[in-house]
Amino acid sequence: MKAILEATALGRRFPVGEGVWALKRVDLAVPRGAFVVITGPSGCGKTTLLNLLGGLDRPTRGDVVLKGLAYSRLDESGLARLRRTEIGFVFQFFNLLSDLTAEENVALPMRLAGLPPAEITSRTAALLEATGMSHRARHTPHELSGGEQQRVAVARALANDPAIVLADEPTGNLDSKNSEDIMELFRRFNREKGQTFVVVSHDPGFAEHADMVVRMRDGEVQALEEREGTGAC
Amino acid sequence: MVFVRMAVRNVARNWNRTGMIILGMMVASGLMTLTMSLATGYAEFAYLPYRQMVGADILIYPNRFVFDSPGGEADRWELRRPDPDLLTDARFFHPELARGYLSPADAPPAVFDLQDVPACLGEVEGVADWEPGRLLRAYVVFEDGGRLRVTLRGRDIAADRERYRMPGSVTVGRYFREEQDGEWVALVNEAVPELARLWPGSRLVLEVPTVKGFGPGGGPLLDYSEPRTYYFLVHGRYSLSLGTVPLQGVSSEDRAGPPPRVPVAIDEPEVWVPAGTFDRIYAEVSGAPLRYTGQLGVTVETMVHAKTVARALAEALPHCSVLTVPQEAALSGLHYEAYLSEDGSGVDVVRAYRSRSTLAVDVKRELSFVAFLAAGLLVVANMYILVTQRRREIGVLKAIGSTGRDIVVLILTEAVGYSLTGSLIGFAAIRCLATLTLLGSSVTFVEGLALTLEAAAVVVGTTTLTALVFGLLPAWEAARTPSAALLTDR
Ligand SMILES: Nc1ncnc2c1ncn2[C@@H]1O[C@H](COP(=O)(O)OP(=O)(O)OP(=O)(O)O)[C@@H](O)[C@H]1O
Ligand SMILES: [Mg+2]
């Protein structure tokens, strides 16, 4: 079992009042190609952990290593490059850029990565096709439903074919039908492309099919359930 | 490049935000344009009634005015009128000047010798023409024996018609025709009650004291004992209207609605005759042609440049005092107030003096500085809104791999887009008023264009530079903040 993403002694303290340890100490190894689900009560540090894993925030202590690269050794632009090419993010509130169309939102990470325009066009079309959003390519986010926005966001997260996709309650704002669609999308990309997923979710639908479920409490990992077939890739 | 294009698209697409920010930029640059336009020049019609009265845009006084003080020789105070600010100070410390300094008759005489007028007068750029001040003390003698002390003023008919729109200010009768120069025709000031009784065709009797010689300072010594009498045909009455003033002393209980306003006009007791006629009278009462005068009146090509011309004249004539008529009028502090008369039967219009000149009419550098500061603050606030409103968006951009530099480029490009568009619109909106004035004046097209471009460069440049500098600060701050913190911001 080879870990693609590894967190060691990860801790994050927020300087409010006397200081809050949102994340106390987490050790976690995510195998390549795995589908990992993180659950736990509100305020237990799930978002904090995911932000640290994705390099959106710097830990107070400990380190994260993605594909052999330690975040602590990267400067801001190195970390930005890593987020651009190796990490895809899906948020609870979609977070599409409201001034851009669906198509442009999906194309943006590729343009940032400097892909040739022809390739960007074809990949964008393929991703929108795969997420079932081709018919809405020219629409801006506020012309789309929540479920549609989230599908565009998934397409954007996958744009640069990242090694790992991090999702923070991606179905938290969707009804059950749309949630089911997103879950299905995640599973399909995990199965067909071997993309690694780390998903924070209370949705039993995700846990059901996960290779690993991380249960958190009070800024720590309380239990780690590994399922059959883990690490198979 | 990705971010430059994205910024351009953001500016072009998000009309709510673009509209708000551009409006802010417009207001800011409009404010700058306005103060700049005011500070660089006057409107073509600035202080027209006063310019109509003196028949000039700029007045030049000879060498110096000396005011004797009770303290004797040691305290004697000289006024060289080098600049209007000094005048203001002088008026502050010597309040007695407020009433008298404009009138050569009240000050010890000092005159120009017209045979020796500096050649540079006509050479200074922007000067259209100059005329000696044609002024004499005189008395109107009425049929009932009443007498009224007046100023007899010789008028340049051509300049009055072309430059000072005098025909429009003649309320009864008509203005002089050019061929009447030298004839015994007169116009009287309607705002003076005694003169308002005269009608076109009436006979006007004028007594002019004789000039016995010239004093040590060069001023005429008048002999009132042997005046010469002249008979004129009244050609009409003029009124140099200053607009209306609110009627004071009317309480709100007396009547509803806004206080009534009363029209006021310059009420100097003056009788105007054509310049040629004046010169004939002058030659007769002094025994020699007009040679000494207490002031020179300069007509400029355009009021927009009046201050610049006055400054150039002051430089060319270091021993003289040069003031634009608007400056003089503002500095004199003279204005009119209207009251209900004691018995309630009518309205009294009285002259009053402000102890300080009104700033707005003669925009000083300090004022434009304050305006620029206010406009700058507006731009700064705009830039902060532009960034702080969008911290979440910046967080997303960073999450998908933008670097801090990308963010700065994005914000700065947007800043330039907004400030350029906003300041150009704001400039255009305000400036077209000033440009209409320019067009109405006699500035050449090229010159007007140059003036406009210069002002545009200053306004657009200042706005854009401010936007860049103060966009950089919040942009840099946001660029350095971790994405996670930006994303939790609302
Ligand atoms: N920027 C911050 N400053 C201060 N405290 C914070 C900050 N972010 C999170 N916290 C605190 O850290 C703890 C963990 O927060 P976190 O957002 O990781 O919880 P969560 O497990 O994602 O909760 P939820 O399920 O409600 O999203 C909470 O107590 C929260 O108040
Ligand atoms: Mg959370």
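Worth saying up front: this structure is predicted, and the values here are computed from it rather than measured.

Reading guide: rules and limits
Position numbers for residues start from 1 in each chain and track the written sequence from start to end. Chain letters start at A and ligand numbers start at 1, both assigned in the order the entries are written. Per-residue local features of the predicted model are confined to residues with pLDDT of at least 70, and side-chain atom pairs are confined, for both listing and counting, to 80 or more; whole-chain, interface and lining totals are unaffected and use all residues. For side-chain calculations, the full set of non-hydrogen atoms in the structure is used, while hydrogens and water are omitted. Starting at the N terminus, helices and strands are each numbered in turn, a helix being any DSSP run of H or I of at least four residues and a strand any DSSP run of E of at least two. Here the term buried applies to any residue with accessible area under 20% of the maximum for its type, exposed to any over 50%, and partly exposed to those in between, with areas from a 1.4 Å probe on protein chains only. We call two residues contacting when some pair of their heavy atoms lies within 4.5 Å. Areas reported here follow the Shrake-Rupley algorithm with a probe of radius 1.4 Å; residue values treat only the protein chains shown as occluding. By the criterion applied in these results, polar contacts are pairs of N or O atoms within 3.5 Å in which, for protein atoms, one can donate a hydrogen and the other can accept it, and in which residues neighboring in sequence qualify only through two side-chain atoms. In this analysis, the expected span of each helix is defined as 1.5 Å times one less than the number of residues it contains. This arc describes the spread of directions from the helix axis toward the C-beta atoms. What makes a residue near a molecule or strand is one non-hydrogen atom of that residue sitting within 4 Å of it. What counts as an axis is a line fitted to C-alpha atoms, over the stretch in contact for a helix, and the angles between N-to-C directions run from 0 to 180 degrees. Between 65 and 115 degrees an angle is taken as roughly perpendicular, under 35 as roughly parallel, over 145 as roughly antiparallel, and anywhere else as oblique. Basically, the charged four are Asp, Glu, Lys and Arg, the nonpolar ten are Ala, Val, Leu, Ile, Met, Phe, Trp, Tyr, Cys and Pro, and anything else, Gly included, counts as polar. Across the chain, each position has a pLDDT score giving the predictor's confidence in that residue, from 0 to 100. Throughout, the accessible surface (probe 1.4 Å) given up by two parts as they are put together, summed over both, is called the buried area. Take a side-chain nitrogen of Lys or Arg and a carboxyl oxygen of Asp or Glu: if they are within 4 Å of each other, that pair is a salt bridge. Grouping buried Ala, Val, Leu, Ile, Met, Phe, Trp, Tyr and Cys residues that are joined through side-chain atoms within 4.5 Å yields what is termed a nonpolar core. By the convention used here, strands pair only if DSSP detects at least 2 bridges between them.

Asks: Got a minute to help me understand the overall build of chain A in this structure?
Replies: Scanning chain A for helices and strands turns up 7 helices and 10 strands. Here chain A holds 233 residues, and 56% of them are scored as buried. Counting only contacts in chain A whose residues sit at least 6 apart along the sequence, the fraction spanning at least 24 positions is 68%. Within the structure as shown, chain A displays about 9900 Å² of accessible surface, and the carbon and sulfur contribution to it stands at 48%.

Asks: In this structure, what is going on with the side chain of S483(B)? I would like to understand it.
Replies: One can find S483(B) in helix α17 (residues 483-488). Residue class for S483(B) comes out buried when judged on its relative accessible area of 1%. In this structure the side chain of S483(B) is engaged in a polar contact, spanning 2.8 Å, whose partner is the backbone oxygen of G395(B). Residues in contact with S483(B), not counting those within four places in the same chain, are L56(A), G395(B), K398(B) and A399(B).

Asks: Help me understand helix α10 (residues 275-286) of chain B, please; the structure alone is not making it clear to me.
Replies: Residue pairs spaced three or four apart in an α-helix point in one direction, given the helix's 3.6 residues per turn. Residue and element names in this part refer to chain B. Across its 12 residues, α10 extends 16 Å between first and last C-alpha, which sits within 8% of the 16 Å expected from 1.5 Å per residue. When α10 is considered as a whole, its buried residues turn out to be A275, T277, F278, I281, Y282 and V285. For α10, the angular spread of buried residues about the axis comes to 155 degrees, placing them on one side. With its phi angle positive at about 80 degrees, G287 sits one or two positions after the end of α10.

Asks: Explanation requested: the site of ligand 1 in the structure shown.
Replies: Residues and elements named next belong to chain A. Close to ligand 1 lie F14, V16, A22, S42, G43, C44, G45, K46, T47, T48 and E169, which account for all nearby residues. Taking G45, its main chain carries an N or O atom lying 3.0 Å from an oxygen atom of ligand 1. A distance of 2.5 Å separates an oxygen atom of ligand 1 from a polar atom in the side chain of T48. For ligand 1, whose free accessible area comes to 630 Å², the fraction covered by protein is 62%.

Asks: Which parts of the structure should I look at to understand the environment of G471(B)?
Replies: Residues and elements named next belong to chain B. Inspection of the secondary structure puts G471 in helix α16 (residues 445-480). A relative accessible area of 0% means that G471 is categorised as buried. Distance in space between the C-alpha atoms of G471 and T413 is 9.6 Å, their sequence separation being 58 residues. Ignoring any residue separated from it by four or fewer positions in sequence, one finds G471 in contact with M383, I411, L412 and T466.

Asks: In this structure, what is going on with the packing of helix α3 (residues 102-113) of chain A against helix α1 (residues 2-13) of chain B? I would like to understand it.
Replies: When two helices pack together, their arrangement is captured by the angle between the axes and the distance separating the axes. Look at α3(A) against α1(B): their axes get within 11 Å of each other, and the N-to-C directions meet at 155 degrees. When the interaxial angle is binned, α3(A) and α1(B) end up roughly antiparallel. Residues E104(A), L108(A), R111(A) and L112(A) of α3(A) form the contact with α1(B), whose own contacting residues are V2(B), F3(B), R5(B), M6(B), R9(B) and R13(B). By residue class, the composition of the contact of α3(A) with α1(B) is 5 nonpolar, no polar and 5 charged.

Asks: Honestly, the confidence of the model for chain B in this entry has me stumped. Any pointers?
Replies: Low pLDDT means the predicted atomic positions in that stretch should not be read closely. Residues and elements named next belong to chain B. Mean pLDDT over chain B works out to 79, with 79% of the residues at or above the 70 mark. Taken together, the stretch residues 64-93 has pLDDT below 50 and engages in 59 contacts with residues farther than four places along the chain or on a different chain. Confidence drops under pLDDT 50 across residues 357-363; counting only partners more than four residues distant or on other chains, this segment forms 17 contacts. Per the prediction output, this complex has pTM 0.63; the corresponding ipTM is 0.93.

Asks: What's the story with the interface of chain B and chain A in this structure? I'm lost.
Replies: One frequent convention defines the size of an interface as the accessible area lost when the parts assemble. Taken together, the 24 residues of chain B in the interface contact 21 residues of chain A. In terms of surface lost to chain A, no three residues of chain B exceed V2(B), R13(B) and I400(B), which account for 25% of the buried area on that side. Viewed at the interface, chain A and chain B are joined by 3 salt bridges. As a salt-bridge pair, R17(B) and D99(A) come within 3.0 Å of each other at their nearest N and O atoms. Applying the counting rule to chain B against chain A returns 9 residue pairs in polar contact (both at pLDDT 80 or more). Ranked by residues supplied to the side of chain B that touches chain A, first place goes to α1(B) with 7 residues.

Asks: How should the nonpolar core be read in this particular structure?
Replies: Within soluble globular proteins, side chains that are nonpolar tend to cluster in buried spots. Ranked by internal contacts, the top residues of the largest apolar core, which has 59 residues, are L5(A), L10(A), L53(A), Y71(A) and V198(A). Per element, the largest residue contribution to this core is 5 residues, and it comes from helix α15 (residues 404-440) of chain B. One finds A102(A), M110(A), A155(A) and A167(A) within the second-largest nonpolar core, a separate group that totals 36 residues.

Asks: Any chance you could explain the pattern of salt bridges here in plain terms?
Replies: For side chains bearing opposite charge, pairing can occur when the charged atoms are close. As enumerated under the stated definition, the model contains 30 salt bridges over all chains in all. D27(A) is paired through a salt bridge with R25(A); the nearest N and O atoms lie 3.5 Å apart. Looking at D27(A), the relative accessible area reads 41%, which means it is partly exposed. For E190(B), the salt bridge is made with R237(B), and the minimal N-O distance between the two is 3.0 Å. Of the two residues, E190(B) sits in the loop between β9 (185-189) and α9 (193-196) while R237(B) sits in strand β11 (residues 220-238), which places them 47 residues apart along the sequence. Several salt bridges converge on common partners, so that one network encompasses E180(A), E184(A), R187(A) and R191(A).

Asks: Even after reading the chapter, I still don't get helix α1 (residues 46-53) of chain A, so can you show me in this structure?
Replies: Counting buried residues in α1(A) gives 7 out of 8 residues, a clear majority hidden from the surface. Listed in full, the buried residues belonging to α1(A) are K46(A), T48(A), L49(A), L50(A), N51(A), L52(A) and L53(A).

Asks: Explanation requested: the pairing of strand β4 (residues 61-66) of chain A in the structure shown.
Replies: Along any regular strand the residues' side chains alternate between the sheet's two faces. Residues and elements named next belong to chain A. Two elements, strand β1 (residues 3-14) and β4, share 5 bridges in a ladder whose sense is antiparallel. Its bridge partner lying in β4, G11 is registered against R61. Note that β4 and strand β5 (residues 69-70) share 2 bridges and pair antiparallel. Bridge pairing in β5 places L66 opposite L69.

Asks: Help me out: how do you make sense of the sheet that holds strand β19 (residues 347-353) of chain B in this one?
Replies: Two modes of strand pairing occur in sheets, parallel and antiparallel, and in both the strands are linked by backbone hydrogen bonds. Residue and element names in this part refer to chain B. Strand order in this open sheet of 4 strands is β13-β12-β18-β19, and the pairing throughout is mixed. For this open sheet the edge positions go to β13 (261-265) and β19, each flanked by a neighbour on one side alone. Across this sheet, the average inter-strand angle for adjacent strands is 35 degrees, counted without regard to direction. Bridge analysis of strand β12 (residues 241-248) against strand β18 (residues 334-340) gives 2 bridges, and the strand direction is parallel. Bridged to Q248 within β18 is Y339.

Asks: Is there a simple way to think about the sheet that holds strand β16 (residues 296-300) of chain B in this case?
Replies: All names here are of chain B. One open sheet accounts for 4 strands, arranged β5-β16-β1-β17; its pairing is antiparallel. Because the sheet does not close on itself, it has two edges, and the strands there are β5 (127-132) and β17 (321-324). Along the sheet, successive strands turn relative to each other by an average axial angle of 20 degrees, direction set aside. Two elements, strand β1 (residues 58-61) and β16, share 3 bridges in a ladder whose sense is antiparallel. When the bridges of β16 are listed, I60 appears paired with L296. On top of the sheet, helix α11 (residues 306-316) reaches β1, β5, β16 and β17; it is set at about 175 degrees to β17, its chief contact.

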